[in-house]
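Secondary and tertiary structure notes
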Amino acid sequence: MAKSGPQFPMKLRTRQHVIEEQSVNFLARQVLRRGHQLLRPGQREYGWDATMFHFSENGRVEIGEVRFQCKATDHLRLVDDGSAVAVRVDARDLLYWQWDIYPFILIVYDAQKERAFWVHIQDYAVPENVSETQESLTIRIPIRQKLNLRAIDSFREWSLAAAAKRRERNPTDEI
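Residues numbered from 1 in each chain as written. Predicted model: local features only at pLDDT ≥ 70, side-chain atom pairs only at ≥ 80, totals over all residues. Heavy atoms only, no water.

A few words on the sheet that holds strand E4 (residues 78-79). Pairing within the open sheet is antiparallel, and its 3 strands lie in the order E4-E5-E8. Whereas interior strands pair on both sides, the edge strands pair on one side only; in this sheet they are E4 and strand E8 (136-142). Each of strand E5 (84-90) and E8 is contacted by helix H2 (residues 91-98), which is oriented at about 95° to E5, the strand it contacts most. (Pairing = 2+ DSSP bridges. Helix = DSSP H or I, 4+ residues; strand = E, 2+ residues; numbered from the N terminus. Contact = heavy atoms within 4.5 Å. Axes fitted to C-alpha atoms, helices over the stretch in contact; angles between N-to-C directions.)

Here we come to the pattern of salt bridges. This model, assessed by the stated rule, comprises 11 salt bridges. In this structure, the salt-bridge partner of Asp74 is Arg15, at a minimum N-O distance of 2.9 Å. Within this pair, whereas Asp74 is found in the loop between strand E3 (66-73) and E4, its partner Arg15 is found in helix H1 (residues 15-33), the two being separated by 59 residues in sequence. Connected through salt bridges with shared partners, the residues Glu57, Glu62, Arg156 and Glu157 form a single ionic network. (Salt bridge = Lys/Arg side-chain N within 4 Å of Asp/Glu carboxyl O.)

Right, let's talk about the environment of Leu38 for a bit. Take Leu38: it is sitting in strand E1 (residues 37-39). Remark: the alpha-carbon pair of Leu38 and Arg67, spanning 29 residues in sequence, is separated by 9.3 Å.

Here H1 is 19 residues long and its end C-alpha atoms lie 27 Å apart, about the 27 Å a rise of 1.5 Å per residue gives. All of the buried residues in H1 are Ile19, Ser23, Val24, Phe26, Leu27, Ala28, Gln30 and Val31. Gly35, located one to two residues past H1, shows a positive phi value of around 85°. (Expected span 1.5 Å × (residues − 1). Buried < 20%, exposed > 50% of the residue type's maximum accessible area, 1.4 Å probe, protein only.)

Quick look at the packing of aromatic side chains now. For any pair of aromatic rings, the description consists of the separation of the ring centres together with the inter-plane angle of the planes. Across all of its chains, the model carries 7 aromatic pairs by this definition. An angle of 45° between the planes, with centres 5.5 Å apart, marks the rings of Phe26 and Tyr109 as tilted. Of this pair, Phe26 sits in helix H1 while Tyr109 sits in strand E6 (residues 104-110), and the two are 83 residues apart along the sequence. The exposure class of Tyr109 is buried, given its relative accessible area of 3%. Ring geometry for Phe155 against Trp158: centres 5.8 Å apart, planes inclined by 40°, an arrangement best described as tilted. Taken as a pair, Phe155 and Trp158 lie in helix H3 (residues 149-169) at a separation of 3 residues, close to a single helical turn. Following the ring pairs from residue to residue traces out a cluster consisting of Phe68, Trp118, Phe155 and Trp158. (Phe/Tyr/Trp six-rings, centres within 6.5 Å; stacked < 30°, edge-to-face > 60°.)

A word on the nonpolar core. The biggest cluster of nonpolar side chains holds 23 residues, and the ones touching the most others in it are Leu27, Leu38, Met52, Phe68, Ile107, Leu147 and Phe155. With 6 residues, H1 is the single largest residue contributor to this core. Filtering out sequence-adjacent residues up to four positions away, Met52 remains in contact with Val31, His36, Gln37, Leu38, Glu65, Val66, Phe68, Ile152, Phe155 and Arg156. Grouped together as the second largest cluster of nonpolar side chains are 20 residues, Leu76, Leu94, Leu137 and Ile141 included. (Core = buried A, V, L, I, M, F, W, Y, C linked by side-chain atoms within 4.5 Å.)

Next up on the list: the sheet that holds E1. Taken together, 5 strands build an open sheet; the order of strands is E1-E2-E3-E6-E7 and the sheet is mixed. Each edge of the open sheet is held by one strand with a lone partner, namely E1 and strand E7 (115-120). Each strand of the sheet is rotated relative to its neighbour by a mean of 30°, with strand direction disregarded. Two strands pair when backbone bridges link them, and E3 and E6 are joined in this way by 7 bridges, in the parallel orientation. When the bridges of E6 are listed, Cys70 appears paired with Ile107. Those strands touched by H1 are E1, strand E2 (50-53), E3, E6 and E7, and its axis lies near 140° from that of E3. Most of the contacts of H3 go to E7, to which it runs at about 25°, and overall it touches E2, E3, E6 and E7.

The values are spatial; any link to function lies outside them.
Structure (structure tokens):
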């Protein structure tokens, strides 16, 4: 009988690895349905999983982008009488995401029901006492904030508004 491969311990592809990829795939399908592009970093990233570049209705590239961090779970944690999803995030990531000049969206993917929820980090009320030394904190995402085509449209609009605001502040700067 032929051996199936090396006879030493190999790395395993875990369920968590699979659903993490499914979460980005779910996001990518929504982005593509609106004619936009989702790119994953080519090198190790530090706090984001993908960036959306958007286009006008006639296909012209637009100034702006949206970054995403995707969290995936088989056990969605509902809180507040089922009206919100709770997810733990690294406090350092949250502090970093808040300073992004374009919209930064945290996605929580429910692998069991193949659905996702989102929160716009810059609009999220973060406690004033969050510090760089704090390890993590829990974010609550309203379940009404489903990742769908309407959400993708909102992300694009926020990105365009951020680009316009930047141009107003620095009219001679290139974006």
